[in-house]
Amino acid sequence: MGLFEVFDVAGSSMRAQSIRLNVTSSNLANADNMGSSPDEVYRARQPVFSSYMVGETERSTGVQVLGIVESSAEPEKRFEPGHPLADENGFVFASNVNAIEEMV
């Protein structure tokens, strides 16, 4: 592996980590998001990484982001009848973002 290939791998990894940090920032910014239904509330998102191969030697030449997936975990249901976003039964739904996991 030549020196320029090392820089290519490092550069693609840094681009992927930049996307991960942006997603984490978005998750943390919306951690306290509330809604009147599970469909309205923010759900945590995570990037999906993959290495990619180029050429017949099939050596790894970088990292790419395949996409960003939304968490399928249910939002937290809280009974807060005085909340302005409460539904007819007095429940609000909180984002499923775990701030501690995000910061780790």
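Note that this is a predicted model, so its numbers are computed, not measured.

Chemist: Outline the overall build of the chain, listing residues and values.
Modeler: On a plain count of helices and strands, the chain comes out with two helices and five strands. Overall, the chain shows an N-to-C arrangement of helices and strands of α-β-β-β-β-β-α. For 104 residues, the compact-globule formula gives about 13 Å, and the C-alpha radius of gyration of the chain, at 20 Å, lies well above that figure. For the chain, contacts bridging at least 24 residues in sequence account for 49% of all contacts bridging at least 6. When the accessible area of the chain is evaluated, it comes to approximately 7100 Å², of which 55% is carbon and sulfur surface.

Chemist: Account for a nonpolar patch on the surface, with residues named and values stated.
Modeler: Nonpolar side chains collect at one region of the surface, where Leu3, Phe4, Val6 and Phe7 lie side by side and expose about 460 Å² of accessible area between them. Its location among the elements puts Leu3 in helix H1 (residues 3-29).

Chemist: So what's going on with the sheet that holds strand E4 (residues 76-79)? Residues and values would help.
Modeler: Overall, antiparallel pairing links the three strands, which are arranged E1-E5-E4 in an open sheet. Every other strand in the sheet has two partners, leaving strand E1 (34-35) and E4 as the edge strands with one partner each. Pairing geometry for E4 and strand E5 (residues 91-94), over four bridges, is antiparallel. The partner of Phe79 across the bridge, within E5, is Phe91.

Chemist: Can you tell me about the pattern of salt bridges, naming the residues and giving the values?
Modeler: Under the criterion given, the structure shown has two salt bridges. A salt bridge links Glu70 to Arg45, with the shortest nitrogen-to-oxygen separation between them at 3.1 Å. Of this pair, Glu70 sits in strand E3 (residues 59-70) while Arg45 sits in strand E2 (residues 45-54), placing them 25 residues apart in sequence. On the basis of relative accessible area, Arg45 is assigned to the partly exposed category, the value being 27%. In this structure, Glu76 and Arg78 form a salt bridge, with 3.3 Å as the shortest nitrogen-oxygen distance.

Chemist: Residues and numbers for the packing of aromatic side chains, please.
Modeler: One pair of aromatic rings is described through two measures. These are the centre distance and the angle between the planes. Counted by the stated rule, this structure contains one aromatic pair. Here the basic side chain of Lys77 rests over the ring of Phe91, its NZ or CZ set 4.4 Å away from the ring centre.

Chemist: Help me get a handle on the environment of Pro47, residues and values and all.
Modeler: Its place among the elements puts Pro47 in strand E2. For Pro47, a relative accessible area of 13% corresponds to the buried category. Taking the C-alpha atoms as reference, Pro47 lies 6.3 Å from Val69; in sequence the two are 22 residues apart. If we ignore the near neighbours within four places in the chain, the residues touching Pro47 are Arg20, Val23, Val65, Gly67 and Ile68.

Reading the values: rules and limits
- Position labels on residues start from 1 in each chain and follow its written sequence.
- Per-residue local features are limited, in this predicted model, to residues with pLDDT of at least 70; the limit for side-chain atom pairs, both in listing and counting, is 80 or more; totals at the level of whole chains, interfaces and linings are taken over all residues.
- Only hydrogens and water are removed before side-chain values are computed, so all heavy atoms of the structure are retained for them.
- Per the convention used, a helix needs a DSSP run of H or I reaching at least four residues, while a strand needs a run of E reaching at least two, with both numbered from the N terminus.
- Here the globule rule reads 2.2 Å times residues to the power 0.38, and the radius of gyration is calculated from C-alpha atoms.
- When checking whether two residues touch, look at their non-hydrogen atoms; a contact exists if any pair is within 4.5 Å.
- Methods summary: accessible areas were calculated by the Shrake-Rupley approach with a probe of 1.4 Å, and residue burial reflects only the protein chains presented.
- Two joining distances apply to patches: 9 Å for like charges and 5 Å for nonpolar side chains (Val, Leu, Ile, Met, Phe, Trp, Tyr), and every residue must have over 30% relative accessible area and no salt bridge.
- Only one rule defines a salt bridge in this text: a Lys or Arg side-chain nitrogen within 4 Å of an Asp or Glu carboxyl oxygen.
- By the convention used here, strands pair only if DSSP detects at least 2 bridges between them.
- Throughout this description, buried means an accessible area under 20% of the type-specific maximum (1.4 Å probe, protein chains only), exposed means over 50%, and partly exposed covers the range between.
- Centre distance within 6.5 Å is the pairing criterion for rings of Phe, Tyr and Trp, where only the six-membered ring of Trp is used; planes under 30 degrees apart are then read as stacked, over 60 as edge-to-face, and the remainder as tilted.
- When the NZ atom of lysine or the CZ atom of arginine is within 6 Å of a ring's centre and also within 35 degrees of its normal, the charge is said to sit over that ring.

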